Amino acid sequence: MNELKTSEAPSLMTDETFRLLRDFIYEHSGIYFSDAKKTQLENRLTLRLKATNLGDFDKYYYLLKYDPQADRELRCLFDSVTTNETSFFRSPPQIQSFQEKALPEIMARREEQGEKILRLWSAGCSTGDEPYTMGIVTKELLQERLAQWDVKIWGSDISEKALKSARAATYSEYTLRSVPPEIKKKYFIAERSQYRVVDEIRTLVELQCLNFNDSKRVRLMRGFDIIFCRNVLIYFDDAAKKRFVSQLYDNLNPGGYLFIGHSESLHNISRAFKLVHFPGALGYKKE
Ligand SMILES: C[S@@+](CC[C@H](N)C(=O)[O-])C[C@H]1O[C@@H](n2cnc3c(N)ncnc32)[C@H](O)[C@@H]1O
């Protein structure tokens, strides 16, 4: 009976079930679906309903909430409710500010301190385009001196599916659309119609599954010089944004920078940072 219902007439989500699922997702990830996004959530979860062979969204909610094996489904849920859009060298003025201002400033300070250590983090790295971009830019700045530095770039995301692509490090022409041709030639190997990131850059990047909601684990992410958390906060409500941004502040070294999406702002979210105006981009500095 349920199977018939699933395959022939997909169940509609009642307002009550929408609220239950919305609150569940919010509690577990900070991702907030406003009332206006009910259809979006319904569309995204319809595939999970089919995959789990459950007849309606109520049953799906009870599976998530009470089934002892809900952990596996929770990971699929995160894959379904996240938006993983990204690309290499996304928002070029920000990348330029990172390359020409923030990174050289941090490197000069590190050299003065006699510690050639650099810790960067792409928080919400999706399929890896962002942390690999950070790696390419760092290599471009340091050139042969890279070998004298201890550089580690962390890429983290809540979506296992996105991280699987990040680990494969193989991309379409489209996601490389903002990459300058000489950079593309240097750091990517063409494989049929795809492009693979060269090992020299891949090995700079450490990928891991990390949910911002897991404050215990996020607190362990210490000592970063620059954090990119771009186009991630938009999916949270203000309370979650405040919580996560305050964590990111703690994750930075003094003098470190946070970059958020170019259309995002920390107005009414945090006063802890100093706003720094770079050409065409903003940086948030921990003084
Ligand atoms: C639109 S992508 C942005 C990717 C990249 N930062 C960029 O700007 O190109 C947003 C990413 O944030 C991740 N995300 C959403 N909620 C998260 C959470 N609670 N913890 C960790 N990552 C999360 C999503 O899985 C998604 O890959």
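Residues numbered from 1 in each chain as written. Predicted model: local features only at pLDDT ≥ 70, side-chain atom pairs only at ≥ 80, totals over all residues.

Enquirer: What exactly am I supposed to notice about the packing of helix α2 (residues 15-29) against helix α4 (residues 57-66) here?
Expert: Helix-helix packing: each pair is described by the crossing angle between the helix axes and the interaxial distance. The contact between α2 and α4 brings their axes to 10 Å, and the two run at 30 degrees. Accordingly, the angle class assigned to the pair α2 and α4 is roughly parallel. Considering only the axes of α2 and α4, their crossing is left-handed. Contact residues: Thr17, Leu20, Leu21 and Phe24 in α2; Phe57, Asp58, Tyr61, Leu64 and Lys65 in α4. Residue composition of the contact of α2 with α4, grouped by class: six nonpolar, one polar and two charged. (Axes fitted to C-alpha atoms, helices over the stretch in contact; angles between N-to-C directions. Helix = DSSP H or I, 4+ residues; strand = E, 2+ residues; numbered from the N terminus. Parallel < 35°, antiparallel > 145°, perpendicular 65-115°, else oblique. Left-handed = near helix turned anticlockwise from the far one by under 90°. Contact = placed C-beta atoms within 7 Å. Nonpolar A, V, L, I, M, F, W, Y, C, P; charged D, E, K, R; others polar.)

Enquirer: Just checking my understanding: could you explain the site of the ligand for this structure?
Expert: In the neighbourhood of the ligand, 23 residues make up the surrounding shell, with Thr82, Thr86, Gly124, Ser126 and Ile158 lying closest. For the shell around the ligand, the per-class residue count stands at six nonpolar, 12 polar and five charged. Mapping the shell around the ligand onto the domain boundaries places at least three of its residues in each of domain 1 (2-81) and domain 2 (92-285). (Near = placed C-beta within 6 Å. Domains from an automatic or database assignment.)

Enquirer: How should I be thinking about the environment of Ile95 in this particular structure?
Expert: Mapped onto the secondary structure, Ile95 falls in helix α6 (residues 92-112). Separated by 42 residues in sequence, Ile95 and Val137 have C-alpha atoms that sit 8.2 Å apart. Ignoring anything within four residues of it in the chain, the contact list for Ile95 reads Phe89, Thr133 and Val137.

Enquirer: Honestly, the domain arrangement of the protein in this entry has me stumped. Any pointers?
Expert: Bring the parts together and some accessible area is lost; that lost area is often taken as the interface size. Domain boundaries in the protein define domain 1 (2-81) and domain 2 (92-285). On a C-alpha basis, the centroid separation for the pair domain 1 and domain 2 is 32 Å. If you look at the interface, domain 1 gives eight residues, while domain 2 gives 12 residues. Those elements giving two or more residues to the side of domain 1 that touches domain 2 turn out to be α2 and α5 (70-81).

Enquirer: Help me out: how do you make sense of the sheet that holds strand β8 (residues 252-260) in this one?
Expert: For sheets, the rule is that strands pair by backbone hydrogen bonds, running either parallel or antiparallel. Here seven strands make up an open sheet; going across it, the order is β6-β2-β1-β7-β8-β10-β9 and the pairing mixed. Two strands lie at the open edges of the sheet, namely β6 (205-209) and β9 (274-278), each paired on one side alone. Ignoring which end each strand starts from, the neighbouring axes of this sheet average 25 degrees apart. Note that strand β1 (residues 117-123) and strand β2 (residues 150-157) share seven bridges and pair parallel. Opposite Trp121, over in β2, you have Trp154 as the bridge partner. (Pairing = 2+ DSSP bridges.)

Enquirer: How should the sheet that holds strand β4 (residues 188-191) be read in this particular structure?
Expert: The strand order across the open sheet built from three strands is β3-β5-β4, with neighbouring strands paired in antiparallel fashion. Looking at the sheet topology across the chains shown, the edges are occupied by β3 (170-172) and β4. Strand after strand, the sheet turns through a mean of 35 degrees between neighbouring axes, direction not considered. Judged from the four bridges that link them, β4 and strand β5 (residues 194-197) form a sheet pairing that is antiparallel. When the bridges of β5 are listed, Ala190 appears paired with Tyr195.

Enquirer: Is there a simple way to explain the nonpolar core in this structure?
Expert: In terms of nonpolar packing, the biggest core is built from 68 residues, with Ile226, Ile227, Cys229, Leu248 and Leu258 touching the most fellow members. Looking at which domains feed residues into this core, each of domain 1 (2-81) and domain 2 (92-285) gives three or more. (Core = buried A, V, L, I, M, F, W, Y, C linked by C-beta atoms within 7 Å. Buried ≥ 20, exposed ≤ 12 C-beta atoms within 10 Å, placed from the backbone.)

Enquirer: Mind showing me how you'd approach the environment of Ser34 here?
Expert: By secondary structure assignment, the location of Ser34 is in the loop between α2 and α3 (38-52). Looking at Ser34, the number of C-beta atoms within 10 Å reads 10, which means it is exposed. C-alpha of Ser34 to C-alpha of Asp237: the two residues are 203 residues apart in sequence and 9.1 Å apart in space.

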